[in-house]
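Breakdown of the fold
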Amino acid sequence: MTHCTMDDLLALRDNEGSAWARRHADGCEACRKELEALYQRMAQLKALPPRSPARDRWPEIRTAVLAARRRRNTRWAGWSMAAAAVLAGVMVFRPFAPPSARAGELARARATSAQLEDRLRSSASEGRVLTGRDAAVIAQLEDQIAAIDGQLGTRSVSGVDAQLQLWQQRVNLMNQLVQVRVVRASYVGL
Amino acid sequence: MTISLAVSDILVARAKSGDLDALEGLYRAFETPVYNLARRILRNAEDAEDVLQETFLEVVKSIGTYRGDGHLWGWVRQIAASKALMKIRREAVRAADEFDETTAGGAPAAAVGMNLDLERALEHLSDTGRAVVWMHDVEGYTHEEIAEMMGKTVSFSKSQLARSHARLRKLLAAGPEA
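Throughout this description, residue numbers start from 1 for each chain and increase along the sequence as written. Working convention: letters from A go to chains and numbers from 1 go to ligands, in the order in which they are written. In keeping with the model being predicted, local features are shown solely for residues with a pLDDT of at least 70 and side-chain atom pairs are shown and tallied solely at 80 or more, while totals for entire chains, interfaces and linings include all residues.

1. Comments concerning the overall build of chain A
Numbering of helices and strands starts at the N terminus; helices are DSSP runs of H or I of at least 4 residues and strands are runs of E of at least 2. Helix and strand content of chain A: seven helices and zero strands. Overall, chain A shows an N-to-C arrangement of helices and strands of α-α-α-α-α-α-α. When the 190 residues of chain A are sorted by exposure, 12% land in the buried category. C-beta atoms are first placed from the backbone for all residues, and any pair lying within 7 Å is then listed as a contact. A separation threshold of at least 6 residues defines the contact pool for chain A, and within that pool the share at least 24 residues apart is 70%. Exposure is read from a count of other C-beta atoms within 10 Å of each residue's own; the residue is exposed at 12 or fewer, buried at 20 or more and partly exposed in between. C-beta atoms are placed from the backbone.

Dropping the structure here:
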């Protein structure tokens, strides 16, 4: 007579047994006893008392965690300082923009400024209507442009970077002036 | 084994933010079950303590990735079981263990035939066999899960369980002088 193997019995215990194994175990005293022993062994395993570590490992874990945090902070601080230094260098020295490129930017800013001047001159001859508020804004912008022109006329602003910065500010103010004088005034003039 | 594994959400949230007191709270809550799992799988108490420490270093490192799906103990247990199995694998490679309780990691010759209690009988199984018995019969892992964690097949897990139970049966049934 063929009895259930341990595989068959374990499968039966886990409700995965074959129909043959189930039928056999139902009718075979020896296999039924083996199956019962398996159930008991599993219950005994689960009932074994828990084991506890002989010593407390938390102090070592804590020390390791703190050491890792210190290393991480030091690394971050190092990276942050290095990044800040690089950024500052880029801002001040503009290493990626060669002098010729900045000279080109300066020429473009001057040309743009001249184009905006032409546009303002042509709009002035059209005799458009201005509101009092727009007139005040225009006066303020013209004052600021005059101040920049004054700086550009001095010898103290000799470097390409300084000149470029002033010309870019002038272009920005001129754009605002065109906006008020041409666009807004023409709207009022309609 | 009945141990309370309940951990408050607040404690978990604090631990996630890196609060050391909260992390210690988690350690205290899971210290015994993690050690017990490792000790049941591993033959050596010192190795089990190492697994306890490695598990909690991993918990501290990765608690931010725990999304709260399922019980925290399930997550911690997975880490602990993986660490313990890794130790067995390392040991197996070192000792060229062929996962055969009759040739490696099995009972010392003098112990065969002794009437052993279950606790001692477990220690006479191979490392892999003991791990499979504990993880399947006590922790409730499926053969598929055990196979995945061990990097083996489902058949391997099933055969290890069957062979280990056959050996337990023999060890427990043998008379003192048999």
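2. Comments concerning the overall build of chain B
Each helix and strand in chain B was counted, giving eight helices and zero strands. Each helix (α) and strand (β) of chain B, taken in turn from the N terminus, gives the series α-α-α-α-α-α-α-α. In chain B, which comprises 178 residues, the proportion classed as buried is 39%. The long-range share in chain B, meaning contacts at least 24 apart out of those at least 6 apart in sequence, stands at 61%.

3. A closer look at the nonpolar core
All names here are of chain B. Structurally, a nonpolar core is described as a collection of buried Ala, Val, Leu, Ile, Met, Phe, Trp, Tyr and Cys residues joined by way of C-beta atoms within 7 Å. One finds Leu26, Val34, Ala38, Ala80 and Ala84 to be the most contacted residues of the largest nonpolar core, which totals 50 residues. At eleven residues, the largest contribution of residues to this core is made by helix H2 (residues 20-41). Ignoring sequence-local partners within four residues, the contact set of Leu26 consists of Val7, Leu11, Ala15 and Val59.

4. Some words on the environment of A:Thr112
Structurally, A:Thr112 is set in helix H5 (residues 99-124). Spatially, the C-alpha atom of A:Thr112 lies 9.4 Å from that of A:Gln168, the residues being 56 residues apart in sequence.

5. Here's the deal with the interface of chain A and chain B
Across the boundary between the two partners, chain A contributes 23 residues, which contact 28 residues of chain B. Broken down by secondary-structure element, the contributors of at least two residues to the side of chain A that touches chain B are helix H1 (6-13), helix H3 (29-47) and helix H4 (58-93) of chain A. Among the elements that line the side of chain A that touches chain B, the one with the most residues is H3(A), at seven residues. Each residue gets one of three labels, nonpolar for Ala, Val, Leu, Ile, Met, Phe, Trp, Tyr, Cys and Pro, charged for Asp, Glu, Lys and Arg, and polar for the others, Gly among them. In terms of residue class, the side of chain A that touches chain B is built from 14 nonpolar, two polar and seven charged.

6. A closer look at the packing of H1(A) against helix H8 (residues 154-173) of chain B
Describing two packed helices takes the angle between their axes plus the distance from one axis to the other. Note on definitions: angles span 0 to 180 degrees between N-to-C directions of axes, and those axes are lines fitted to C-alpha atoms, for helices only across the stretch in contact. It is at 9 Å that the axes of H1(A) and H8(B) come closest, and there the two elements cross at 105 degrees. Relative to H8(B), the element H1(A) is oriented roughly perpendicular. Within the contact between the two elements, H1(A) uses A:Met6, A:Asp7 and A:Leu10 and H8(B) uses B:Lys158, B:Leu161, B:Ala162, B:His165 and B:Ala166. Looking at side-chain class alone, the contact of H1(A) with H8(B) contains five nonpolar, one polar and two charged residues. Oblique is the label for any angle not under 35 degrees, not over 145, and not in the 65 to 115 range, which are roughly parallel, roughly antiparallel and roughly perpendicular in turn.

7. Re unusual backbone geometry
Residues and elements named next belong to chain A. You will see that Asn15, though not glycine, has its phi angle at about 60 degrees, which is positive. Among the secondary structure elements, Asn15 is positioned in the loop between H1 and helix H2 (19-27). A residue is classified by how many C-beta atoms lie within 10 Å of it, and Asn15, with 7 of them, is exposed.

8. Some remarks on H3(A)
Residue and element names in this part refer to chain A. Expected helix span is taken as 1.5 Å per residue step, with the number of steps being one fewer than the number of residues. Taking 1.5 Å of rise per residue, the 19 residues of H3 would be expected to cover 27 Å, and the 27 Å separating its terminal C-alpha atoms lies within 8% of that figure. Taken as a whole, H3 has its buried residues at Cys31, Glu34, Leu35 and Leu38. Burial along H3 is one-sided: seen end-on, the buried residues are contained in an arc of 100 degrees. Away from the buried face of H3 by more than 90 degrees, exposed residues Glu29, Ala30, Lys33, Tyr39, Gln40, Ala43 and Ala47 are located. When we speak of the arc, we mean the arc of directions from the helix axis to the C-beta atoms.

9. Notes on the packing of H2(B) against helix H3 (residues 45-62) of chain B
Residues and elements named next belong to chain B. Axis separation between H2 and H3 bottoms out at 9 Å; the angle between their running directions is 140 degrees. Overall, the two elements H2 and H3 adopt an arrangement that is oblique. Both H2 and H3 take part in a crossing whose hand is right-handed. Every residue of H3 that contacts H2 at Leu23, Leu26, Tyr27, Glu31, Val34, Tyr35, Ala38 and Arg39 is listed here: Ala45, Ala48, Glu49, Val51, Leu52, Thr55, Phe56, Val59 and Val60. By residue class, the composition of the contact of H2 with H3 is 13 nonpolar, one polar and three charged. In this scheme, a crossing is called left-handed if the near helix is turned counterclockwise away from the far one by less than a right angle; it is called right-handed if the turn is clockwise.

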